[in-house]
Amino acid sequence: MSLLPDFEFITMGFWSFGIGAAVVGILIANTDYFLSKTDKATLEYLEQIELKTIGDEPRTFKAKELWEKNGAVIMAVRRPGCFLCREEASGLSALKPQLDQLGVPLYGVVKEKIGTEIDDFQPFFKGEIFHDEKKLFYGPQTRKMMLIALIRLGVWQNFRRAWKDGFQGNLEGEGLILGGMFVVGAGNQGVLYEHREKEFGDKANLTSILEAARKINKHNADEDK
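Residues numbered from 1 in each chain as written. Predicted model: local features only at pLDDT ≥ 70, side-chain atom pairs only at ≥ 80, totals over all residues. Heavy atoms only, no water.

Formally: UniProt positions are given in the numbering used here, feature names are shortened, and annotations may be inferred rather than shown by experiment.
Per an unreviewed UniProt entry, the protein is named Peroxiredoxin-like 2A, and its organism is Pelobates cultripes. Under the Function (unreviewed entry) heading, UniProt states for the protein: "Involved in redox regulation of the cell. Acts as an antioxidant." The heading Subcellular location (unreviewed entry) in the UniProt record of the protein holds the text "Cytoplasm".

Okay, structure coming up:
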């Protein structure tokens, strides 16, 4: 009596199980279950972060200076050369005329200074950029997206959207640590809006950013000192 049919049945069973497990894995990977988590950033956390100006003679200062008088909109850039980051920066920069009318400055922070990457990013981002050497604006807990990005439908949809809109980039620098967006009120008003990039190309909502910027109360800035 031949054992071949039984062997084929077992082989097909393992193959079917493997395919099923792969499908389940892909489905779970496209939920938020395995995504990196972090606590919300408090004003006390953000204001003590040390930033550096970009230039030949960088000045180190506390991040609180960025929003102390007029509040601020701040983009924590994942990677200046990333075409998805350039797409988001371009959309955010479209708000600058309205932010200027409100008297609210637009800033960006980057975690690296590599070659001309910051200069090459400036055409997409219309605000002043600072160096966050310790990557604290990307915390309190550092969040990374690893190989799971390759099987997330949202990431591929974001790729397609940016490509379709003509954005291009490069692979220079660290790009796994996820970025975010903050709207911080004047003085001690606090964090009015916070967006944490959950996957590559997950953009902050521009309407929400502008609404938060309109809530900045500059009249209390001097009283809070």
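**Things to note about the environment of Lys69**
In plain terms, the rule: Only runs of H or I of at least four residues qualify as helices and only runs of E of at least two qualify as strands under DSSP, and these elements are numbered from the N terminus. Remark: exposure states derive from per-residue accessible area (1.4 Å probe, protein chains only) relative to the maximum for the residue type, with buried under 20%, exposed over 50%, and partly exposed in between.
Within the element layout of this structure, Lys69 appears in the loop between helix 3 (64–67) and strand 3 (72–76). Among the residues examined, Lys69 registers a relative accessible area of 60% and is labelled exposed. Distance in space between the C-alpha atoms of Lys69 and Lys218 is 6.6 Å, their sequence separation being 149 residues.

**Here we look at the sheet that holds strand 2 (residues 60–62)**
As a reminder of what qualifies: Between any two strands, pairing holds if DSSP finds at least two bridges. Fitted lines through C-alpha atoms give the axes, limited to the stretch in contact for helices. The angle between two N-to-C directions lies from 0 to 180 degrees. A contact between two residues is defined here by any heavy atoms of the two lying within 4.5 Å.
Taken in spatial order, the 7 strands make up an open sheet running 2-1-5-4-3-6-7, and their pairing is mixed. Only two strands of the sheet have a single neighbouring strand rather than two, namely strand 2 and strand 7 (191–196). With strand direction ignored, the average angle separating the axes of adjacent strands in the sheet is 30°. For strand 6 (residues 180–184) and strand 7, the ladder comprises 5 bridges, and the chain directions are antiparallel. When the bridges of strand 7 are listed, Val184 appears paired with Val191. Helix-sheet contacts for helix 4 (residues 83–93) involve strand 3, strand 4 (106–110) and strand 6, and the interaxial angle to strand 3 is about 170°.

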